[in-house]
Amino acid sequence: MVQRAKNLTLILYIVIANLVDAILTYTAVSDGKASELNPLMAFLLEANAAYFFLVKLLLVTLGLALLFLSKNQKLAYYALWVCAIVYTAILIIHANIPY
C-alpha cells in the first residue's frame, strides 16, 4: 500500500509536468521559437491544437494508469522515476527557450 502511495505521488508530478510541457510546447511552436520533434505530435499540432492536447494528455495518462495497475509496483516505481526525470529535463529545456 505504501508503494502505491509513492507511485501516485510520482504520477501526479508527471501528469502536471506533461500538462506544463504541452502548454509550453504549444506556445513555443506557435510563436516560432521551437519545433515539435515528435512527428505524430507535430502533425497533430499543425492539424488542430485541441487534438495535440487531447492525444498528448491521453497517451501519457494511459501509460501512467498501466504502471499504476501493474502487479510489480516496485518496477513501476523505477519506471515512474525515469519518466519524472525525463519530464524534468524537458521542463529545463523549456526554461531555456526565450518566450
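Use the structure listed above.
Residues numbered from 1 in each chain as written. Predicted model: local features only at pLDDT ≥ 70, side-chain atom pairs only at ≥ 80, totals over all residues. Heavy atoms only, no water.

Here's the deal with the environment of leucine 8
Along the chain, leucine 8 turns up in helix H1 (residues 2–30). It is 7.4 Å that separates the C-alpha atoms of leucine 8 and phenylalanine 68, two residues lying 60 residues apart in sequence. (Helix = DSSP H or I, 4+ residues; strand = E, 2+ residues; numbered from the N terminus.)

Description of H1
Helix length check: H1 (29 residues) gives 42 Å between terminal C-alpha atoms against 42 Å at 1.5 Å per residue, within 8%. For H1, the complete set of buried residues consists of Gln3, Asn7, Leu10, Ile11, Ile14, Ala17, Asn18, Asp21, Ala22, Thr25 and Ala28. Its buried side turned inward, H1 meets helix H3 (49–69) and helix H4 (73–95). Looking one or two residues beyond H1, the residue adopting positive phi is glycine 32, at roughly 75°. (Expected span 1.5 Å × (residues − 1). Buried < 20%, exposed > 50% of the residue type's maximum accessible area, 1.4 Å probe, protein only. Contact = heavy atoms within 4.5 Å.)

Considerations on the pattern of salt bridges
Scanning the model with the defined rule gives one salt bridge in all. We note a salt bridge from lysine 56 to aspartate 21, for which the minimum N-O separation is 2.9 Å. Of the two residues, lysine 56 is situated in helix H3 and aspartate 21 in helix H1; the sequence distance between them amounts to 35 residues. Given the relative accessible area of 6%, aspartate 21 is considered buried. (Salt bridge = Lys/Arg side-chain N within 4 Å of Asp/Glu carboxyl O.)

Focus: the environment of serine 30
Structurally, the position occupied by serine 30 is in helix H1. Residue serine 30 is classed as partly exposed on the basis of its relative accessible area, which comes to 46%. Sequence-wise, serine 30 and alanine 49 are 19 residues apart; in three dimensions their C-alpha atoms are separated by 9.9 Å. Of the polar contacts made by the side chain of serine 30, one reaches the backbone oxygen of tyrosine 26; its length is 2.8 Å. (Polar contact = N/O pair within 3.5 Å; in protein donor to acceptor, adjacent residues only side chain to side chain.)

Quick notes on H4
The terminal C-alpha atoms of H4 lie 32 Å apart, and with 23 residues this matches the ideal 33 Å at 1.5 Å per residue to within 8%. Among the residues of H4, those classed as buried are Gln73, Ala76, Tyr77, Leu80, Ala84, Tyr87 and His94.

Examining the layout of surface pockets
The gaps of empty space that remain are located by a probe, the size of a water molecule, rolled over the atoms. Each pocket or cavity is described by its volume, and for the largest pocket that value is around 340 Å³. Taken together, 14 residues form the lining of the largest pocket, with Asp21, Thr25, Ser35, Glu36 and His94 sitting closest to its centre. Mapped by element, the contributors of at least two residues to the lining of the largest pocket are H1 and H4. Of the residues forming the lining of the largest pocket, the biggest block, four residues, is contributed by H4. Here the residues of the lining of the largest pocket are counted per class, giving seven nonpolar, four polar and three charged. (1 Å grid on protein atoms, 1.4 Å probe; cavity = no way out; pocket = protein on both sides within 12 Å on 5 of 7 lines; lining within 4 Å. Points joined across faces, edges and corners; volume = space filled by probe spheres on them. Nonpolar A, V, L, I, M, F, W, Y, C, P; charged D, E, K, R; others polar.)

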